[in-house]
Amino acid sequence: MNIRRVVAEHNKDRKREFEETTIPYMNSLYNAALRMARERAEAEGIVQDTYLLAYKNFNKFQRGTNCKAWLFKILRNVFINRYRKNIKSPDTVQYEEVENYYLYNQLTSHQDSSYIDFLKEPGRLEEFIGEDVNSALQGLPDEFKEVVILSDIEGFTYEEISHIIGSPIGTVKSRLNRARRFLQKKLWDYAVKKGLVKR
């Protein structure tokens, strides 16, 4: 028995399985990394590091589980580690500050109560990504931005997001709610212009 040949065959099979399992998510990972890092070169580096770590730890991935969620968890950790290396920390914001951005006056005084709350529908935000939406998304503090990306753009469930970011489901829901309120304020004129809501 040639040990080298056995090892080479094993490595070839492992590489093929890894590629078949993970490559379909590369575009989603890159788009998320770009929204998080805001620079193409940095996003490419984050995705590259994500795939290197994923390959290195592929034996820990449980077949039949959500590979996309597993990759996004690695991506998030890579992003945080790079952030820390650059001696930066994610922005945080107080609840009261976000409340000031919410459209209480406009929404409660709105004549037509049948307006579409387009940000609450999973996957809906992705349909309207434009410069205005992307700019508003980039204006979110990182802890809010990541849950919007994971929920409204990537379509992860609360449970999956909870696992990816390592926070309780209640925290996920709270951050998502606050992020959507912030975005509602920022995107009100955009939504009117696109006919999503009426003045």
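Use the structure listed above.
Predicted model, so just to flag it, every value in this text is computed and none were measured.

## Some words on the overall build of the chain
Looking only at helices and strands, the chain features 11 helices and 0 strands. In sequence order, the secondary structure elements of the chain are arranged as α-α-α-α-α-α-α-α-α-α-α. Among the 199 residues that make up the chain, the fraction classed as buried is 43%. Sequence-distant contacts, at least 24 apart, represent 71% of the contacts inside the chain between residues at least 6 apart. Accessible area for the chain stands at about 11,900 Å²; split by element, carbon and sulfur atoms hold 47% of it.

## Section: the packing of aromatic side chains
For the coordinates displayed, the defined rule picks out 7 aromatic pairs. Judged by centre distance (5.0 Å) and plane angle (45 degrees), the ring pair of F61 and W70 falls under tilted. Given a relative accessible area of 5%, F61 falls into the buried group. For W70, a relative accessible area of 18% corresponds to the buried category.

## Regarding the packing of helix α2 (residues 26-37) against helix α9 (residues 142-153)
Packing of α2 against α9 leaves a shortest axis separation of 10 Å and a crossing angle of 155 degrees. Compared by their axis directions, α2 and α9 come out roughly antiparallel. In the crossing of α2 with α9, the sense of the turn from one axis to the other is right-handed. On α9, the residues that touch A32, R35 and M36 of α2 are K145, I149 and I153.

## Concerning the nonpolar core
One finds W70, F72, L75 and L140 to be the most contacted residues of the largest nonpolar core, which totals 45 residues. When contributions to this core are tallied by element, the ones reaching two or more residues are α2, α3 (40-56), α4 (67-85), α8 (131-138), α9, α10 (158-165) and α11 (169-193). When residues of this core are assigned to their parent elements, the largest contribution, 10 residues, is made by α4. If you count residues domain by domain, this core takes at least three from each of domain 1 (3-83) and domain 2 (102-193). In this view, L75 contacts L29, A32, A33, M36, I46, V47 and T50; residues no more than four positions away in its chain are not counted. Among the nonpolar cores identified, the runner-up in size contains 5 residues, and W188, A191, V192 and V197 belong to it.

## Some words on the packing of α10 against α11
Running from N to C, α10 and α11 cross one another at 100 degrees; their axes reach a closest spacing of 9 Å. When the interaxial angle is binned, α10 and α11 end up roughly perpendicular. Residues Y158, E159, I161, S162 and I165 of α10 lie in contact with α11, whose contacting residues are I169, V172, K173, R175, L176 and R180. Taken together, the residues of the contact of α10 with α11 break down into 6 nonpolar, 1 polar and 4 charged.

## Examining the pattern of salt bridges
If the charged atoms of two oppositely charged side chains come close together, the side chains can form a pair. Under the defined criterion, the tally for this structure stands at 9 salt bridges. The partner of R82 in a salt bridge is D49, with the nearest N and O atoms 2.9 Å apart. Linking R82 in helix α4 with D49 in helix α3, this pair joins segments that are 33 residues apart in sequence. Among the ionic pairs, R76 bridges to E146, the shortest N-O distance being 2.8 Å. One end of the pair, R76, is in helix α4; the other, E146, is in helix α9, with 70 residues separating them in the sequence. For R76, a relative accessible area of 15% translates into the label buried.

What counts as what
Residues numbered from 1 in each chain as written. Predicted model: local features only at pLDDT ≥ 70, side-chain atom pairs only at ≥ 80, totals over all residues. Heavy atoms only, no water. Helix = DSSP H or I, 4+ residues; strand = E, 2+ residues; numbered from the N terminus. Buried < 20%, exposed > 50% of the residue type's maximum accessible area, 1.4 Å probe, protein only. Contact = heavy atoms within 4.5 Å. Areas by Shrake-Rupley, 256 points an atom, 1.4 Å probe, with all protein chains shown as cover. Phe/Tyr/Trp six-rings, centres within 6.5 Å; stacked < 30°, edge-to-face > 60°. Axes fitted to C-alpha atoms, helices over the stretch in contact; angles between N-to-C directions. Parallel < 35°, antiparallel > 145°, perpendicular 65-115°, else oblique. Left-handed = near helix turned anticlockwise from the far one by under 90°. Core = buried A, V, L, I, M, F, W, Y, C linked by side-chain atoms within 4.5 Å. Domains from an automatic or database assignment. Nonpolar A, V, L, I, M, F, W, Y, C, P; charged D, E, K, R; others polar. Salt bridge = Lys/Arg side-chain N within 4 Å of Asp/Glu carboxyl O.

What is shown is where atoms sit, not what they do.
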